[in-house]
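# An overview of the molecular structure
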Amino acid sequence: WCLIIDPQLQGIVWIKNKEADNGLQITRMGHSKMLNTFEVGLDQGKSVLIENMGENMEAVIMPVVSRNTIKRGNKKVVKLGDKELVLKDSFKLFMQTKLSNPHYPPEIQAECT
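The notes below deal with the structure included here.

What counts and how
Residues numbered from 1 in each chain as written. Predicted model: local features only at pLDDT ≥ 70, side-chain atom pairs only at ≥ 80, totals over all residues. Heavy atoms only, no water. Phe/Tyr/Trp six-rings, centres within 6.5 Å; stacked < 30°, edge-to-face > 60°. Helix = DSSP H or I, 4+ residues; strand = E, 2+ residues; numbered from the N terminus. Buried < 20%, exposed > 50% of the residue type's maximum accessible area, 1.4 Å probe, protein only. Lys NZ or Arg CZ within 6 Å of the ring centre and 35° of its normal. Core = buried A, V, L, I, M, F, W, Y, C linked by side-chain atoms within 4.5 Å. Arc of directions from axis to C-beta. Contact = heavy atoms within 4.5 Å.

### Description of the packing of aromatic side chains
In the structure shown here, the tally under the stated rule is one aromatic pair. For the ring pair tryptophan 1 and phenylalanine 91, a centre distance of 5.4 Å and an interplane angle of 80° mean the geometry is edge-to-face. Within this pair, whereas tryptophan 1 is found in the segment before strand 1 (2-5), its partner phenylalanine 91 is found in the loop between strand 6 (83-86) and strand 7 (92-97), the two being separated by 90 residues in sequence. With respect to class, tryptophan 1 is no different from phenylalanine 91; both count as buried. Sitting over the face of the ring of tryptophan 1, arginine 67 holds its NZ or CZ atom 4.2 Å from the ring centroid.

### Digging into the nonpolar core
Among the nonpolar cores identified, the biggest contains 23 residues, and Phe38, Phe91, Leu93 and Met95 are the most heavily contacted of them. Counting residues in each nonpolar core, the second largest holds six residues, with Ile4, Ile12, Ile15 and Leu24 among its members.

### With respect to helix 1 (residues 10-18)
Taken together, the buried positions of helix 1 are Gly11, Ile12 and Ile15. The buried residues of helix 1 occupy an angular sector of 100° when the element is viewed end-on, so they sit on one face. Projecting away from the buried face of helix 1 at angles above 90 degrees are the exposed residues Gln10, Trp14 and Asn17. Buried positions along helix 1 lie against strand 1, strand 3 (47-51) and strand 7.

Right, here's the structure in full:
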C-alpha cells in the first residue's frame, strides 16, 4: 500500500485526480463511517484514501493494512471487524499524512511503500 508523507498537500491532489475514475473513497482515521468506506472499497474493488493520518492506526483496519488474507475457495477474504469481506484485486489503499517527519510502528512501515 502507499503511505504518502505530504506536508504540502500536493500528493493528495494528484491521487484524487488519478483515482477519480476508479471510484475513490475518502475517509479519515476515527471517522464514524470509516469502516463502511472500507467495506465498500473492499467489496467493490474501489480505491480508499485515508486522509490526514496521525502516527497511530486503528486496530480494526490492521488486517487490511497487513494484508492478512484467508483463502476461501478461489477468493481471498480479509477480516474487517466482525465481517469477512472478499478482497478484490482492483482494491487499492492510499494513506496520507501531513506530518513532515512521522514515526510509524514497524508493522506499518513494513507494509507500505
